[in-house]
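The chain contents come next:
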Amino acid sequence: MILDIRNLTRTHGQGEQAVHALRGVDLTVAPGELVAVMGPSGSGKSTLLTCAGGLDRPTAGEVIVDGNDLTTLSRNAVAALRRRRIGYVFQDFNLIPALTAAENVALPLELDGTRSRTARKAAVAALQEVGIDDLADRFPDDMSGGQRQRVAIARAVVGERRLLLADEPTGALDSETGEAVLRLLRDRCDQHGIGGVLVTHGARDAAWADRVVYLRDGVLVGQAGPLPEADALLESR
Amino acid sequence: MSIKHGLLALLQDGPKYGYQLRGEFEAATGATWPLNIGQVYTTLTRLERDGLVQAAAARAATVEDDGRSMYEITGAGRDELAKWFETPVTRESRPRDELAIKLALALAVPGVDVGAVVQRQRMSTMQSLQELTRLKRNSSDGEISWQLVVESMIFGAEAEIRWLDHCEAMLLRHRGTPRPAPRTSVVPDEQEARS
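This structure is a prediction, so every number in the text was calculated from the model and none was measured.

> Summarise the side chain of R211(A); cite the residues concerned and give the values.
Residue and element names in this part refer to chain A. Relative to the helices and strands, R211 resides in strand β9 (residues 211–216). Residue R211 is classed as buried on the basis of its relative accessible area, which comes to 7%. At 2.9 Å, the side chain of R211 forms a polar contact with the side chain of Q223.

Quick look at the structure:
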């Protein structure tokens, strides 16, 4: 499993004011699998994603990414794992405007100590895979929304990423551009054996996933898509 | 929509046999609407009766056509087809929505967990939506005609899920509020307001 979440609980505040964002959630994502998380506003979708990405610490439970339990690692170790193994795609792209497309994609590698020439090469290759290597030296402000999201996806999968976390990645795009982005996310998972989690409130987006889970009030209440094979279930334990 | 107009449309570019029409119909709609050959010939017979198609000039019978004739569209058939393309499809002409009726009854009948009905339906529709998306994903660019049909089903399934979300939110809002007394005075009030 790329991601193995067990009994994940996240509570904000204490006592009577406590807000239970997540209550005992289990979720696994296998290599090459894309799992969509749906649910109404406030159901815990985004908290699930930030916990899976090591951006938030759970109150209880385990978050195992590529064999490492984030809840037992030091802050620095979590940060290193995040840089090397986890990629993010956000609704508003989160690209750095002062950097070109290639520099944006190379950034996580360089932060992790990769030489800049090697990082640049990897970045251009990643941009080529998402079909926009010709825009490598362009700045985000000179690109369309769809192109910017492609840069963000390239950044999320560059290097040795194993887990791709996407939070409403089509939210700022029109329906056809959004679909191209989903197709791309789907292909990245299939071709690179990356595990993906897609948080969305759109059913049409979620339908690109292998499995769709539904959250309500911090609890998983439903699942659509093929159930995991029996041996996969045994393996995960 | 009727099979009738579908067959007329396919006959526009020349005379065809029944089995040929069936094949072309399914290719155009991505086999989302399977026809049996009996339906095709029954429809052709009715179209012929109404003067919208006619048997095409006799040709040598082959084993495949089973002794049946080729059909071609008539002038009246072309007019009918043009009218069909010009007229928008109204929502009222579609069959009643079983799901809406089921939910309405679930609310009216005591002892039904409406929330569970909504959730089960949502996951089931989601599963269909996934299957449709897979179909779309595996289709090639040349199959535009049936991609349109699949897209229509995809948007339909999405709308159903959004409607279910909406129903659920409404149910939550109304949970615990006592049912209002039956509004028997609605009709007289309206009449008063109009007069």
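> Help me get a handle on the packing of helix α5 (residues 145–157) of chain A against helix α6 (residues 175–192) of chain A, residues and values and all.
Residue and element names in this part refer to chain A. The interhelical angle for the contact between α5 and α6, taken along N-to-C directions, is 15 degrees, at an axis separation of 10 Å. If you check the angle between α5 and α6, you find them roughly parallel. Regarding α5 and α6, the two cross each other, and that crossing is right-handed. From α5, G146, Q149, R150, I153 and V157 reach across to α6, where they touch T177, A180, V181, L184, L185 and R188.

> Tell me about the packing of helix α3 (residues 101–111) of chain A against helix α4 (residues 116–129) of chain A, residues and numbers included.
Residues and elements named next belong to chain A. Remark: α3 packs on α4, axes separated minimally by 8 Å, with the N-to-C direction vectors making an angle of 125 degrees. Considered as vectors, α3 and α4 are oriented oblique to each other. Handedness of the α3/α4 crossing: right-handed. Where α3 approaches α4, its residues A101, A102, V105, A106, L109 and E110 are matched on the opposing element by S116, A119, R120, A122, A123, A126 and L127. Its residues assigned to classes, the contact of α3 with α4 comprises 10 nonpolar, 1 polar and 2 charged.

> Report on the interface of chain A and chain B, specifying residues and quantitative values.
Counting from both sides, the interface comprises 23 residues of chain A and, opposite them, 17 residues of chain B. Carbon and sulfur atoms supply 55% of the area that chain A and chain B bury against each other, a total of about 1,700 Å² over both sides. Interface area lost by chain A to chain B is led by R204(A), A207(A) and Y214(A), which between them contribute 32%. The interface formed by chain A and chain B includes 5 salt bridges. In this assembly, chain A and chain B are joined by 9 residue pairs in polar contact (both at pLDDT 80 or more). Elements supplying a minimum of two residues to the side of chain A that touches chain B: α6, α7 (203–206), β9 and β10 (219–224) of chain A. Counting residues per element, the side of chain A that touches chain B draws most heavily on α6(A), at 5 residues. Tallied by class, residues from the side of chain A that touches chain B come to 11 nonpolar, 3 polar and 9 charged.

Quick notes on the rules
Residues numbered from 1 in each chain as written. Chains lettered and ligands numbered in written order. Predicted model: local features only at pLDDT ≥ 70, side-chain atom pairs only at ≥ 80, totals over all residues. Heavy atoms only, no water. Helix = DSSP H or I, 4+ residues; strand = E, 2+ residues; numbered from the N terminus. Buried < 20%, exposed > 50% of the residue type's maximum accessible area, 1.4 Å probe, protein only. Polar contact = N/O pair within 3.5 Å; in protein donor to acceptor, adjacent residues only side chain to side chain. Axes fitted to C-alpha atoms, helices over the stretch in contact; angles between N-to-C directions. Parallel < 35°, antiparallel > 145°, perpendicular 65-115°, else oblique. Left-handed = near helix turned anticlockwise from the far one by under 90°. Contact = heavy atoms within 4.5 Å. Nonpolar A, V, L, I, M, F, W, Y, C, P; charged D, E, K, R; others polar. Buried area = accessible area lost by both parts, 1.4 Å probe. Salt bridge = Lys/Arg side-chain N within 4 Å of Asp/Glu carboxyl O.

By themselves, these observations are geometric and do not establish any function.
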